[in-house]
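Descriptive structure summary
Chain by chain, the residues run as shown.
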Protein chains: 4
Amino acid sequence: MSSHFGELFRVSTFGESHGGGVGVVIDGGPPRLPLAEADLQADLARRRPGQSDIVTPRKEADRCRILSGVFGGQTLGTPIAVLVPNEDARPEAYTEMETAFRPSHADYTYQAKYGVRNWQGGGRSSARETIGRVAAGAVAKRALAALHPGLEIVAYVRSIHTLEAAVPDPGAVRLEQVEANIVRCPDPKVAEEMVALIKRMRAGGDSVGGIIECCVRGVPPGLGEPVFDRLEADLARAMLSLPATKGFEIGSGFASARMTGSEHNDPFEMRAGRVRTTSNRSGGVQGGISNGEDVVFRVAFKPTATITRAQRTVTVSGEDTALAARGRHDPCVLPRAVPMVEAMAALVVVDHALRQRAQNG
Amino acid sequence: MSSHFGELFRVSTFGESHGGGVGVVIDGGPPRLPLAEADLQADLARRRPGQSDIVTPRKEADRCRILSGVFGGQTLGTPIAVLVPNEDARPEAYTEMETAFRPSHADYTYQAKYGVRNWQGGGRSSARETIGRVAAGAVAKRALAALHPGLEIVAYVRSIHTLEAAVPDPGAVRLEQVEANIVRCPDPKVAEEMVALIKRMRAGGDSVGGIIECCVRGVPPGLGEPVFDRLEADLARAMLSLPATKGFEIGSGFASARMTGSEHNDPFEMRAGRVRTTSNRSGGVQGGISNGEDVVFRVAFKPTATITRAQRTVTVSGEDTALAARGRHDPCVLPRAVPMVEAMAALVVVDHALRQRAQNG
Amino acid sequence: MSSHFGELFRVSTFGESHGGGVGVVIDGGPPRLPLAEADLQADLARRRPGQSDIVTPRKEADRCRILSGVFGGQTLGTPIAVLVPNEDARPEAYTEMETAFRPSHADYTYQAKYGVRNWQGGGRSSARETIGRVAAGAVAKRALAALHPGLEIVAYVRSIHTLEAAVPDPGAVRLEQVEANIVRCPDPKVAEEMVALIKRMRAGGDSVGGIIECCVRGVPPGLGEPVFDRLEADLARAMLSLPATKGFEIGSGFASARMTGSEHNDPFEMRAGRVRTTSNRSGGVQGGISNGEDVVFRVAFKPTATITRAQRTVTVSGEDTALAARGRHDPCVLPRAVPMVEAMAALVVVDHALRQRAQNG
Amino acid sequence: MSSHFGELFRVSTFGESHGGGVGVVIDGGPPRLPLAEADLQADLARRRPGQSDIVTPRKEADRCRILSGVFGGQTLGTPIAVLVPNEDARPEAYTEMETAFRPSHADYTYQAKYGVRNWQGGGRSSARETIGRVAAGAVAKRALAALHPGLEIVAYVRSIHTLEAAVPDPGAVRLEQVEANIVRCPDPKVAEEMVALIKRMRAGGDSVGGIIECCVRGVPPGLGEPVFDRLEADLARAMLSLPATKGFEIGSGFASARMTGSEHNDPFEMRAGRVRTTSNRSGGVQGGISNGEDVVFRVAFKPTATITRAQRTVTVSGEDTALAARGRHDPCVLPRAVPMVEAMAALVVVDHALRQRAQNG
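One structure accompanies this document, and this report is about it. (Residues numbered from 1 in each chain as written. Chains lettered and ligands numbered in written order. Predicted model: local features only at pLDDT ≥ 70, side-chain atom pairs only at ≥ 80, totals over all residues.)

1. Section: unusual backbone geometry
For the record, the criterion: Any residue with 12 or fewer other C-beta atoms within 10 Å of its own C-beta is exposed, any with 20 or more is buried, and the rest are partly exposed; the C-beta atoms used are placed from the backbone. A run of DSSP states H or I qualifies as a helix once it reaches four residues; a run of E qualifies as a strand once it reaches two. Both are numbered from the N-terminal end.
A positive phi angle is found at valine 227 of chain A, which is not glycine, with a value near 65°. Taking the C-beta count within 10 Å as the criterion, valine 227 of chain A has 28 such neighbours and is therefore assigned buried. Positive phi, normally seen in glycine, also occurs at alanine 272 of chain D, with a value near 50°. Residue position: alanine 272 of chain D is located in the loop between β12 (268-271) and β13 (274-277). Assessed through the 5 C-beta atoms surrounding it within 10 Å, alanine 272 of chain D is described here as exposed.

Laid out in structure tokens, this is it:
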């Protein structure tokens with residue numbers, strides 16, 4: 001259902017932008033994992049508003065509390081509940097949203113679906129909901145570290161608008177490179193241009209989109225399932241469930257549509273005693289199941305819908321009007337979306353790791 | 001799990017390329033829908049091998065039998081089991097697959113996952129599995145016709161290799177236009193070039209990829225759920241679960257990454273008493289929920305992995321070797337994938353239609 | 001999975017006896033239900049420790065906070081998170097439980113399953129977990145009031161040890177009768193004897209079991225599903241998921257095993273224009289689906305495992321030892337279990353009400 | 001949903017009493033299990049009509065065909081589809097069921113739920129549906145044999161009407177004892193009386209109920225989950241999902257309601273280096289999780305609803321009428337229900353065995 005994710009490593013997020021807080025319940029994870037609030041805080045800090053001058057200035061420490069499921073510094077195998085209270089909520093900054101639908105936001109569709117909505121800061125459709133995902137992703141990473149020690153998930157900004165980073169090998173990008181700049185792009189030169197572009201956009205009351213690339217390394221062969229729960233299908237769903245996403249591609253992606261089979265196929269060879277491919281247009285997945293190569297995928301993010309320029313829209317009572325956003329928002333969601341992409345990737349991979357252990361030992 | 005799809009309108013497919021047959025069990029659909037085998041056969045015929053000279057010549061009538069769930073010409077509300085026996089199976093054409101892994105196929109990953117595989121014609125990873133999906137999709141279309149009479153799903157080939165159809169308005173493409181040529185492209189001129197290209201590819205022992213576009217019209221506002229089960233997320237998963245797919249995008253898709261918010265946002269206006277948008281870069285979905293505009297998405301298909309040119313690979317026992325495909329296969333999967341895309345779209349939409357009725361009446 | 005319940009009206013409970021608190025996330029319920037914390041508090045008060053002198057004296061106000069999902073006094077249709085902090089936790093009263101397994105408790109099995117456990121007050125196996133269920137049940141009752149206005153769920157203590165209440169017609173028992181005494185038995189004379197018995201048991205360092213009966217009235221025909229998700233099957237699972245339960249029966253129950261068909265069958269007749277039965281040995285369910293008669297079932301509760309008499313047991317390190325409980329506990333769980341039974345019944349019925357609306361409109 | 005069972009070892013049954021056939025799709029089971037149709041046939045023969053002169057004379061060989069999921073005599077890890085065609089269907093014997101509702105059958109409730117029903121032989125509510133369960137149970141037993149070699153499931157008739165078998169130790173009952181007589185009661189003397197009773201009942205146009213007991217031996221400690229998916233809760237649901245069941249109890253069951261804690265608790269002791277209990281009133285489950293002792297439970301079956309004596313009922317159009325069954329039916333369902341109970345127990349246990357491996361390795 002709506003706010004649940006995962007078959008075995010199952011998370012349920014809750015909370016709205018304004019209200020008591022946001023959080024997550026994580027069920028089904030392995031017991032005896034070392035876990036403390038600080039472990040979650042590290043990734044939450046990468047998602048936090050106010051972390052740099054190219055993101056929203058909303059002041060939230062996003063300090064989490066683990067309410068259950070951890071005892072003596074270890075997971076118990078029972079549900080881990082995590083709560084992050086809302087602190088800097090300013091509902092008064094959103095009063096016009098009570099009466100008018102923001103273009104390309106979820107205001108109208110929530111109203112159409114439920115006949116009611118929490119109009120303060122976007123309510124449930126706020127990106128604040130992703131706090132629960134990032135916290136759960138941090139737990140998932142801990143579980144993966146125990147299950148498959150070499151496995152590593154690194155996401156980064158690949159492009160913003162027309163600025164594209166040079167990334168010769170996704171498998172070689174290190175977390176420190178990504179975290180070395182506030183836009184989270186491993187190409188330091190392009191990163192600077194990106195920062196400048198985002199600042200220009202904000203100054204002009206506008207916003208901008210881009211692409212995040214993610215590489216999952218050290219995946220053992222055999223994760224993913226045939227038919228519907230293919231690894232790439234579950235990754236696609238996970239990524240398209242993030243706010244502001246419009247597309248997903250794995251390996252060769254859309255470029256494969258312009259290729260021939262003889263160009264595209266990944267030849268097998270024996271290397272260091274293992275079956276390997278000499279190229280990786282498959283993106284680490286064949287027939288829905290990991291083949292041991294890097295799992296590499298890209299996610300397209302649209303420009304933030306909230307802009308301060310006036311836009312045409314309609315009121316709740318059906319009258320044409322115009323709206324210019326107040327409130328605080330990101331001129332570009334990508335820098336803060338990097339840990340979200342990693343978190344969702346971790347949730348998909350850990351779930352398949354547990355499923356694989358269930359069925360195949 | 002692996003071979004199940006849907007929360008409320010639930011399908012379970014079964015079967016391998018060679019063996020007793022393939023099929024599907026469909027559970028949770030509404031009762032009292034008029035349904036006969038002929039209703040399924042129409043879409044199965046569009047998916048069938050041997051339907052034209054640009055697809056695989058395997059001779060399968062793909063005649064289906066409804067084993068249960070229909071009585072007196074109506075659905076009973078209980079499981080509908082559909083079976084299509086395998087007829088033209090020639091396991092002897094695949095004996096080399098017993099010992100060598102075909103590049104960019106699922107042979108190696110199935111072996112790595114399960115320690116065993118049915119190597120005849122790809123076994124469970126064969127596109128023959130999609131018969132169950134297309135049959136289920138036909139039932140889903142019947143259910144949608146009862147639930148939302150105006151709703152219509154039309155998919156078509158948008159591009160093959162570098163040949164791209166001119167499609168001024170996805171919302172205006174009619175099924176008859178699509179079915180007017182064997183490649184299922186609504187642009188008749190480009191269609192001819194596509195047919196010629198596919199024939200050239202086959203003659204050269206090669207294959208080719210492309211893009212299918214799909215438009216779901218007449219979707220009422222309110223379908224889809226916040227957070228994880230967004231309509232576009234479920235569509236993405238559904239499409240990436242089809243064989244040979246590498247990417248999914250909705251509305252503006254990857255192009256949105258190069259846009260600004262002021263260019264991208266869809267202004268609202270009142271039109272004929274309803275809330276409408278003046279553009280549709282959202283692709284009919286906002287915040288995961290349909291807004292009443294056309295749902296338009298695209299799916300990237302890689303070139304068929306099976307080619308008759310010799311390719312490098314390895315044997316089951318870990319020796320380097322070369323392999324040139326025998327057996328029968330499609331030089332381009334797209335013409336036969338059009339009904340698969342429609343079927344998966346129908347399964348996603350009907351599931352959300354039932355969920356919406358459950359929660360919101 | 002373990003801590004999730006329901007297909008459409010889905011609840012996820014969390015929390016341990018000692019720690020940050022206990023609670024629940026409720027997803028999938030209808031929007032626009034009037035809901036306030038006070039609505040939950042009423043049922044929580046009936047479950048609360050310290051409510052009378054025949055229950056555990058642990059001092060917990062069990063004050064709940066709704067963290068999300070409610071806005072302007074109405075449900076939003078998105079997850080409702082409820083948190084009840086733990087207040088009167090005294091882990092020092094349980095230190096012997098760190099080293100020895102309490103007989104007929106979950107100490108040993110949790111250790112065997114997870115290799116770790118929160119030994120303070122039973123951790124996750126504590127009946128304190130049922131707070132989340134009772135809170136969710138209160139929301140479910142609100143949803144049912146909107147969906148099926150006449151529907152009413154009344155549970156009560158039918159017997160304790162050998163003391164059995166006279167209940168001529170389960171369909172006629174009113175909530176006020178049940179709440180008129182601290183043991184929650186609608187037969188006031190037997191209720192007094194029950195209270196006396198429970199006090200005697202506690203004085204003697206012992207405990208006692210009994211039977212709770214529950215009647216769901218005003219159920220429309222058609223709820224429940226054929227085959228696995230029969231209404232009685234889901235009720236059985238729900239009840240056997242409550243702590244200390246050992247049996248479930250519906251309608252004629254175990255007595256039916258000693259009957260003949262001609263004695264047992266419920267004849268149909270037309271009454272006030274509706275199809276009715278003249279007896280109700282079916283317990284309101286036929287073929288897994290409600291027939292419009294009262295749904296009547298009984299649940300057997302064993303005597304509380306915690307007793308202050310010394311008992312034989314073993315230590316975590318595998319040595320024979322003896323253990324006499326300290327800590328606070330109930331000499332008889334039934335008075336506080338009555339709202340738990342109602343809550344679980346409400347969760348089952350509301351889930352089937354939504355499923356029925358999904359499939360059959 | 002309705003016709004799906006299991007989280008990881010998932011089965012979907014299909015089919016009606018009259019129509020193309022009945023069957024099951026089994027997904028998620030381990031690969032490389034030896035499996036042939038004969039393995040399923042053994043249990044199907046114990047469920048088959050016409051197997052003795054105390055069951056229905058309907059002539060069905062119930063010969064199964066494995067359509068998929070098995071290759072070279074081994075399971076593939078992908079869906080196993082099993083089909084049993086209907087052979088001796090005589091719809092003409094049921095024509096009165098088109099217009100009148102049989103008392104204590106599902107005719108009326110299916111009609112009320114779906115607005116349509118297959119009235120031939122009970123349609124989907126027929127016990128013929130359990131063929132799919134028994135076939136799936138046979139596969140589950142194979143999987144358990146691989147996962148937990150010592151594990152054994154033995155069910156038997158404990159009582160019919162007032163005739164109760166002497167069973168000093170459920171853990172000592174062997175399959176051969178059970179199969180030594182046609183009523184499947186391990187007490188040969190009482191078995192003879194039961195056979196005579198059943199024959200008398202049929203001669204008198206009546207039917208009779210009884211109790212089946214089941215013992216699962218060799219269960220490792222740790223199977224089952226806290227809170228909702230307790231082993232006993234899932235067993236209760238599984239058993240109450242069988243046709244004609246009215247009650248479930250585990251271990252001490254309803255008798256526990258009349259006991260005190262000091263009488264009821266199972267003391268722990270060390271035995272052969274393992275933690276054991278000296279009694280087994282817990283029925284092998286504590287806190288929802290197996291403790292390594294025998295899992296012992298009982299299921300109450302009502303007398304068959306179909307009797308040849310005339311009974312009061314109503315017609316589809318709402319008129320009072322009388323009905324005496326024709327058609328073929330069992331005067332007592334218990335002899336044929338024994339393999340059904342075993343099958344459902346196997347499905348529950350194998351599912352928890354896989355879940356346990358997923359989470360706890």
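Structure shown, so let's carry the discussion forward.
2. Structural notes on the pairing of β13 of chain D
Two faces make up the sheet, and in a regular strand the side chains alternate between them. Residues and elements named next belong to chain D. Spelled out, the test is: In this analysis, strands are considered paired if DSSP registers two or more bridges between them.
The side-chain alternation of β13 yields one buried face, formed by Val275 and Thr277, and one unburied face, formed by Arg274 and Arg276. In this structure, β12 lies alongside β13, joined through four bridges in antiparallel fashion. Of the residues in β13, the one forming a bridge with phenylalanine 268 is threonine 277.

3. Description of the environment of valine 296 of chain C
All names here are of chain C. Where we set the bar: Placing C-beta atoms from the backbone, we regard two residues as in contact once those atoms come within 7 Å.
Within the fold, valine 296 resides in strand β16 (residues 295-301). Overall, the presence of 24 C-beta atoms within 10 Å leaves valine 296 in the buried class. With 22 residues separating them along the chain, valine 296 and glycine 318 place their C-alpha atoms 45 Å apart. Apart from residues lying up to four places away in sequence, valine 296 is in contact with Pro170, Glu213, Cys215, Gly251, Asn280, Gly283 and Gly284.

4. Thoughts on the interface of chain A and chain B
Where interface size is given, it is often the accessible area lost as the parts come together that is meant. So the rule is basically this: Residue classes follow a fixed rule: Ala, Val, Leu, Ile, Met, Phe, Trp, Tyr, Cys and Pro count as nonpolar, while Asp, Glu, Lys and Arg count as charged, and any other residue, Gly among them, counts as polar.
Across the boundary between the two partners, chain A contributes 91 residues, which contact 91 residues of chain B. Its residues assigned to classes, the side of chain A that touches chain B comprises 35 nonpolar, 36 polar and 20 charged.

5. Details of the relation of the copies chain B and chain C
So the rule is basically this: A residue counts toward the fit only if its pLDDT is at least 70 in both copies, and the copies are then superposed by least squares on the C-alpha atoms of those residues.
Its rotation angle being 180°, the transformation that places chain B on chain C also includes 0.0 Å of axial translation and leaves an RMSD of 0.0 Å. Each copy turns onto its partner about a two-fold axis. Closest approach to the rotation axis among the C-alpha atoms of chain B is made by alanine 358 of chain B, whose C-alpha sits 2.1 Å away. Residue by residue, 100% of the interface of chain B is reproduced at the interface of chain C, so both copies engage with the same surface.

6. A closer look at the relation of the copies chain A and chain B
Of the two same-sequence chains, chain A is brought onto chain B (RMSD 0.0 Å, axial shift 0.0 Å) by a rotation of 180°. Take the interface residues of chain A: 100% of them recur as interface residues in chain B, which is what a same-surface contact looks like.

7. Remarks on helix α6 (residues 188-203) of chain C
Residues and elements named next belong to chain C. Spelled out, the test is: Expected span of a helix: the number of residues minus one, times 1.5 Å.
The end-to-end C-alpha distance of α6, which contains 16 residues, comes to 23 Å, matching closely the 22 Å that a straight helix rising 1.5 Å per residue would cover. Where α6 is buried, its residues touch β8 (152-160) and β9 (163-164). The positive-phi residue at the C-terminal boundary of α6 is glycine 205, with phi of around 70°.

8. Some thoughts on the packing of helix α4 (residues 130-147) of chain D against helix α9 (residues 334-360) of chain D
Residues and elements named next belong to chain D. In plain terms, the rule: For helices, the fitted axis covers only the stretch in contact; all axes are lines through C-alpha atoms, and the angles between them, taken along N-to-C directions, range from 0 to 180 degrees. Roughly parallel covers angles under 35 degrees, roughly antiparallel covers those over 145, roughly perpendicular covers 65 to 115, and oblique covers all other angles. Two helices that cross are described as forming a left-handed crossing if the nearer one is turned anticlockwise from the farther one by less than a right angle, and a right-handed crossing if clockwise.
At a closest axis distance of 7 Å, the pairing of α4 and α9 adopts a crossing angle of 45°. When the axes of α4 and α9 are compared, the pair comes out oblique. Judged by the twist between their axes, the crossing of α4 over α9 is left-handed. Counted together, Thr130, Arg133, Val134, Ala136, Gly137, Ala140, Lys141, Ala143, Leu144 and Leu147 of α4 and Pro339, Met340, Glu342, Ala343, Met344, Ala346, Leu347, Val349, Val350 and Ala353 of α9 form the full contact between these two elements. Across the contact of α4 with α9, the residue classes tally to 15 nonpolar, two polar and three charged.

9. A closer look at the sheet that holds strand β3 (residues 21-27) of chain A
Residue and element names in this part refer to chain A. Taken together, five strands build an open sheet; the order of strands is β1-β2-β3-β7-β4 and the sheet is antiparallel. Both edges of this open sheet fall to β1 (4-5) and β4 (65-66), since each of them pairs with a single strand only. Pairing analysis gives six bridges linking β3 to strand β7 (residues 80-85), with the strands arranged antiparallel. Along β7, the bridge assignment pairs glycine 21 with proline 85.

10. Section: helix α6 (residues 188-203) of chain D
All names here are of chain D. The criterion, for reference: The arc in question is the one spanned by the directions pointing from the helix axis to the C-beta atoms.
Among all positions of α6, only Val190, Ala191, Met194, Val195, Leu197, Ile198, Met201 and Arg202 are buried. Along the axis of α6, the buried positions cluster into a sector of 165°, meaning they face one direction only. Opposite the buried face of α6, at more than 90 degrees from it, the exposed residues are Lys189, Arg200 and Ala203. Buried residues in α6 make contact with β8 (152-160) and β9 (163-164).

11. Quick notes on the environment of arginine 124 of chain A
With respect to the secondary-structure elements, arginine 124 of chain A resides in the loop between α3 (107-114) and α4 (130-147). For the pair arginine 124 of chain A and histidine 18 of chain A, spaced 106 residues apart in the sequence, the C-alpha separation amounts to 8.9 Å. In this structure, arginine 124 of chain A is in contact with Glu16, Asn118 and Glu129 of chain A, Pro226 of chain B together with Leu76 and Thr78 of chain C, ignoring residues within four places of it in sequence.

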